[in-house]
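Listed here are the chains, written in short residue letters.
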Amino acid sequence: MLWCKDVEFLQGAYALAADLQIEAGRVTAIIGPSGAGKSTLLGGIAGFVPQTGGALLWKGSDITKLAPAKRPVSMLFQDNNLFPHLTVMQNVALALGSKLNPTASVRQRVEDMLAQVGLDGLSERKPAALSGGQQSRAALARALLQDRDVMLMDEPFSALGPGLKAEMLDLSVALAKEAGRTVVMVTHDPSDAARVADAILGVSPNKAWAPISTQDFLNDPPEAFVDYLG
Ligand SMILES: Nc1ncnc2c1ncn2[C@@H]1O[C@H](COP(=O)(O)OP(=O)(O)OP(=O)(O)O)[C@@H](O)[C@H]1O
């Protein structure tokens, strides 16, 4: 379980309180109005946004003071964060700690993962020579190859068309589940949550609420989210 124990994250002057638990091995969607603090919550869990109160625990271990790279989390962003001067192979191999010339065994692991995300045969291309969807697949491959328990997704597919977005979401969740990961994903689209999430964690201004089952949240929304859901 990921436990935000009376936590406060501070993004600039914006404080977000979170006293909640996210179940391990499940898919939790974060929804809420624009500017309420969804990305702040993910950034806080990842260690990019300062934590100014409480404790953050993963499976009983306090990770509050760990640097981002030492936390049990990988992160997928909308901009994919691929290095433009590196090939897909080199970008994805970074997940395995590889430098610019991956060993044969690293190359094999990367090729296997590229095949799983649908990028067979494209490992020597640079990101600029890939479509937006293919770039998302490369970023997904890198996140999955990182041996981290929790995969955080901050709307990585929102720039894609609706069909491709749904396909990428399904693929990410399926592969993450297969690898036994816990998925926490921000979305602006409640239908994304309905599609793949076990639970929904609502964020209203300055407060992140405890997750509740997706069905309960959408069928009978908590008071704070009735207007948001319309
Ligand atoms: N780098 C920053 N410095 C100062 N304030 C920031 C910074 N980034 C975000 N904020 C503020 O923090 C608050 C929460 O922002 P955040 O990006 O977490 O919201 P969000 O719910 O993810 O929004 P959206 O749905 O629009 O992406 C907002 O009021 C925003 O203006």
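The preceding data block contains the structure.
Nothing here was measured: the structure is a model prediction, and the numbers come from that model.

**A few points about the pairing of strand β7 (residues 150-154)**
It is a general feature of regular strands that their side chains alternate between the two faces of the sheet.
Working step 1: The buried fraction of β7 is high, at five of five residues.
Working step 2: Because side chains alternate across β7, one face comprises the buried residues V150, L152 and D154, and the other comprises M151 and M153, equally buried.
Working step 3: Pairing of β7 with strand β8 (residues 182-186), which is carried by five bridges, proceeds in the parallel orientation. What sits directly across from M151, in β8, is V183.
Working step 4: Between the parallel pair β7 and β8, the chain is carried across by helix α5 (residues 162-178), and the sense of this crossover is right-handed.

**A few points about helix α4 (residues 132-145)**
Working step 1: An ideal rise of 1.5 Å per residue puts 20 Å on 14 residues; α4 measures up with 20 Å between its terminal C-alpha atoms.
Working step 2: The buried count for α4 comes to 11 of 14 residues, which makes it a mostly enclosed element.
Working step 3: For α4, the complete set of buried residues consists of Q135, S136, R137, A138, A139, L140, A141, R142, A143, L144 and L145.
Working step 4: For α4, the secondary structure elements touched by its buried residues are β6 (73-77), α2 (88-93), α3 (104-116), β7 and α5.

**Considerations on the environment of R109**
Working step 1: Counting through the fold element by element, R109 comes out in helix α3.
Working step 2: Given 18 C-beta atoms within 10 Å, R109 falls into the partly exposed group.
Working step 3: C-alpha separation for the pair R109 and F225, spaced 116 residues apart in sequence, amounts to 43 Å.
Working step 4: Ignoring any residue separated from it by four or fewer positions in sequence, one finds R109 in contact with L96 and L145.

**Comments concerning the packing of α4 against α5**
Working step 1: Viewed as axis vectors pointing N to C, α4 and α5 meet at an angle of 15°, and their least axial separation amounts to 11 Å. The angle between α4 and α5 falls in the class roughly parallel. Judged by the sense of rotation from one axis to the other, the crossing of α4 with α5 is right-handed. Counted together, G133, S136, L140 and L144 of α4 and L164, M168, S172, L175 and A176 of α5 form the full contact between these two elements.
Working step 2: Residues of the contact of α4 with α5, tallied by class, amount to six nonpolar, three polar and no charged.

Thresholds applied
- Residues numbered from 1 in each chain as written.
- Predicted model: local features only at pLDDT ≥ 70, side-chain atom pairs only at ≥ 80, totals over all residues.
- Buried ≥ 20, exposed ≤ 12 C-beta atoms within 10 Å, placed from the backbone.
- Helix = DSSP H or I, 4+ residues; strand = E, 2+ residues; numbered from the N terminus.
- Pairing = 2+ DSSP bridges.
- Right-handed = clockwise from strand over helix to strand, strands pointing away.
- Expected span 1.5 Å × (residues − 1).
- Contact = placed C-beta atoms within 7 Å.
- Axes fitted to C-alpha atoms, helices over the stretch in contact; angles between N-to-C directions.
- Parallel < 35°, antiparallel > 145°, perpendicular 65-115°, else oblique.
- Left-handed = near helix turned anticlockwise from the far one by under 90°.
- Nonpolar A, V, L, I, M, F, W, Y, C, P; charged D, E, K, R; others polar.

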